[in-house]
Amino acid sequence: MELNVAKMIMLAGGVLVVPVLAFVTSFLFWPGALLKAYNWYWRRRLGLVVRFSHSGNYHFCYSTRGAPGGATPSLLLLHGFSATKDMWLPVVKFLPRNQHVVCVDMPGHEGTSRTGPEDYSIRGQVERIHQFVQSIGLDKRPFHLVGTSMGGNVAGVYAATYPTHLSSVTLVCPAGLVYPTDSEFISRLRELEMGEKDESIPLVPTTIQELEDMLRLCCNTPPKLPRQVLSGLLANRIPNNDFYKEVFMEIVGEKSRHSLQENMHLITVPLQVIWGKEDQVLDVSGAAVLQGALPHCQVTVLDSCGHSVALERPRKAAKLITDFLSEQAVSDGNVKKVS
């Protein structure tokens, strides 16, 4: 009897060892695939479903939760340069479960069609996002648009171009402005343009050291990640580096670099601005530029926070957005009563 029990314990242990070994092997040899699996698991936990929308020969990949038509407008979230729809997962975690949320991969990123430079300029991205909005019927009711960094530039120009489709807009550390103060990133860009230093684009890392430098640039307190996790992040990025460089050259080019600056005076919907006080990529002085042009916009500057607000302060970002939506709903209700 004791022998049989011992065999059963050994068998159970063997069954347990197999998935553990598989996990460890995956972590060591395919860290990039494991990170993708982790995002899949996190989306599932948050109730997000990945879907595809087709418009002609173009297809969009997006994740969504809930349904339109609730007490608050639908939320469409636009990620930044070289990120994906999954960058919003930390923020979605703190949004109300009944909030209709849509996170889309920007043109050429992750699962959305990769075409050519005409789609990667800010104006090109605005038109593609408009195409996406129409393809999933999001334009049937005014929605709230959120964009960060490059996505913030796109969101701002979208608001200036298609105001009737929006109820309001949130810009998080948006690109596309003339910043009174140069950030660390802008200073390094100027050095690259002048040819003073022979180095890679700071936001397109090719080594683990460059990836760590990028994290320090983007985060006030960069996460301390194990080397295997860094390897996984890098492994997922490197195959796309040529594409990232192509997009980068478009969004910093003459047509796109100051797109938000050139169009912000056309924004008529309620505007919220969120910025990390320690942003080293796009200086927080940009918030004053927006407030100077649009004095009724609501500006929040987050202490001890850098450029990656969604990563560093997801709970606060979610609360600011939901509070802003609630304020707009009360304001709209009061206007209807008066009329």
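Model, not experiment: these values are computed from the prediction.

## A short note on the packing of helix H4 (residues 122–135) against helix H5 (residues 150–161)
Any two packed helices are characterised by the angle at which their axes cross and by the distance between the axes.
Point 1. Two elements in contact, H4 and H5, have axes whose closest approach is 9 Å; the angle formed by their N-to-C orientations is 70°. Taken together, the axis directions place H4 and H5 in an arrangement best described as roughly perpendicular. Contacts from Ile122, Arg123, Gln125, Val126, Ile129, His130 and Val133 of H4 reach H5 at Met150, Asn153, Val154, Val157, Tyr158 and Thr161.

## Focus on the environment of Asp242
Point 1. Relative to the helices and strands, Asp242 resides in helix H9 (residues 241–251).
Point 2. Measuring from C-alpha to C-alpha, the distance between Asp242 and Val204 comes to 9.1 Å, with 38 residues separating the pair along the chain.

## Considering the packing of aromatic side chains
Point 1. Throughout the structure, instances matching the rule amount to 12 aromatic pairs.
Point 2. With centroids separated by 4.8 Å and ring planes inclined at 55°, the aromatic side chains of Tyr58 and Phe60 adopt a geometry described as tilted. Phe60 shares its class with Tyr58; the two are buried.
Point 3. Between the aromatic rings of Tyr120 and Phe243, the centroid separation amounts to 5.2 Å while the plane-to-plane angle is 85°, which identifies the pairing as edge-to-face. Separated by 123 residues along the polypeptide, Tyr120 in the loop between strand E4 (101–104) and H4 and Phe243 in helix H9 bring together distant segments of the chain.
Point 4. Among the residues examined, Tyr120 registers a relative accessible area of 1% and is labelled buried.
Point 5. Within the aromatic cluster, the residues linked to one another by ring pairs are Phe81, Tyr120, Phe185, Phe243, Tyr244 and Phe248.
Point 6. Over the aromatic face of Tyr58 sits the side chain of Arg128, whose NZ or CZ is 3.8 Å from the ring centroid.

## Some thoughts on empty space enclosed by the protein
Remark: the empty space left among the atoms is shown by a probe the size of a water molecule rolled over them.
Point 1. Under the criterion given, the structure shown has 1 cavity of 30 Å³ or more.
Point 2. Counted as a void, the largest cavity has a volume near 50 Å³.
Point 3. Around the largest cavity sit Trp88, Val91, Thr148, Val172, Val309, Ala310, Ala317 and Ile321, which together line it.
Point 4. Elements with a minimum of two residues in the lining of the largest cavity: helix H12 (309–312) and helix H13 (314–338).
Point 5. Taken together, the residues of the lining of the largest cavity sort by class into 7 nonpolar, 1 polar and no charged.

## A look at the nonpolar core
Point 1. Counting 91 residues, the largest nonpolar core has Leu76, Leu78, Phe81, Ile129, Leu145, Tyr158 and Trp275 as its most contacted members.
Point 2. In terms of residues, this core owes the most to one element, H5, which gives 7 residues.

## A look at a nonpolar patch on the surface
Point 1. Where nonpolar side chains cluster on the molecular surface, the patch consists of Tyr38, Trp40 and Tyr41 and spans about 370 Å² of accessible area.
Point 2. Checked against the element boundaries, Tyr38 lands in helix H2 (residues 31–46).

## What about the sheet that holds strand E5 (residues 143–148)?
Point 1. Taken in spatial order, the 8 strands line up as E1-E2-E4-E3-E5-E6-E7-E8 in an open sheet, and their pairing is mixed. Looking along the sheet, the strands with just one partner apiece sit at the ends: strand E1 (49–55) and strand E8 (298–302). Strand after strand, the sheet turns through a mean of 20° between neighbouring axes, direction not considered.
Point 2. Contacting E1, strand E2 (58–65), strand E3 (75–78), E4 and E5, H4 runs over the sheet at an angle of about 65° to E2.
Point 3. Here helix H11 (residues 285–293) sits on the sheet in contact with strand E6 (166–172), strand E7 (271–276) and E8, set at roughly 165° to E7.

## Considerations on the pattern of salt bridges
Point 1. If you walk through the whole model with that rule in mind, you get 8 salt bridges.
Point 2. Here Asp105 ties to Lys85 by a salt bridge, and the two come within 2.9 Å at their closest N and O atoms. Of this pair, Asp105 sits in the loop between E4 and H4 while Lys85 sits in the loop between E3 and helix H3 (89–92); the two residues are 20 residues apart in sequence, bridging distant segments of the chain. For the pair formed by Asp105 and Lys85, the shared burial category is buried.

Conventions and cut-offs
- Residues numbered from 1 in each chain as written.
- Predicted model: local features only at pLDDT ≥ 70, side-chain atom pairs only at ≥ 80, totals over all residues.
- Heavy atoms only, no water.
- Axes fitted to C-alpha atoms, helices over the stretch in contact; angles between N-to-C directions.
- Helix = DSSP H or I, 4+ residues; strand = E, 2+ residues; numbered from the N terminus.
- Parallel < 35°, antiparallel > 145°, perpendicular 65-115°, else oblique.
- Contact = heavy atoms within 4.5 Å.
- Phe/Tyr/Trp six-rings, centres within 6.5 Å; stacked < 30°, edge-to-face > 60°.
- Buried < 20%, exposed > 50% of the residue type's maximum accessible area, 1.4 Å probe, protein only.
- Lys NZ or Arg CZ within 6 Å of the ring centre and 35° of its normal.
- 1 Å grid on protein atoms, 1.4 Å probe; cavity = no way out; pocket = protein on both sides within 12 Å on 5 of 7 lines; lining within 4 Å.
- Points joined across faces, edges and corners; volume = space filled by probe spheres on them.
- Nonpolar A, V, L, I, M, F, W, Y, C, P; charged D, E, K, R; others polar.
- Core = buried A, V, L, I, M, F, W, Y, C linked by side-chain atoms within 4.5 Å.
- Patch = residues over 30% accessible without salt bridge, like charges linked within 9 Å, V, L, I, M, F, W, Y side chains within 5 Å.
- Areas by Shrake-Rupley, 256 points an atom, 1.4 Å probe, with all protein chains shown as cover.
- Salt bridge = Lys/Arg side-chain N within 4 Å of Asp/Glu carboxyl O.
- Pairing = 2+ DSSP bridges.

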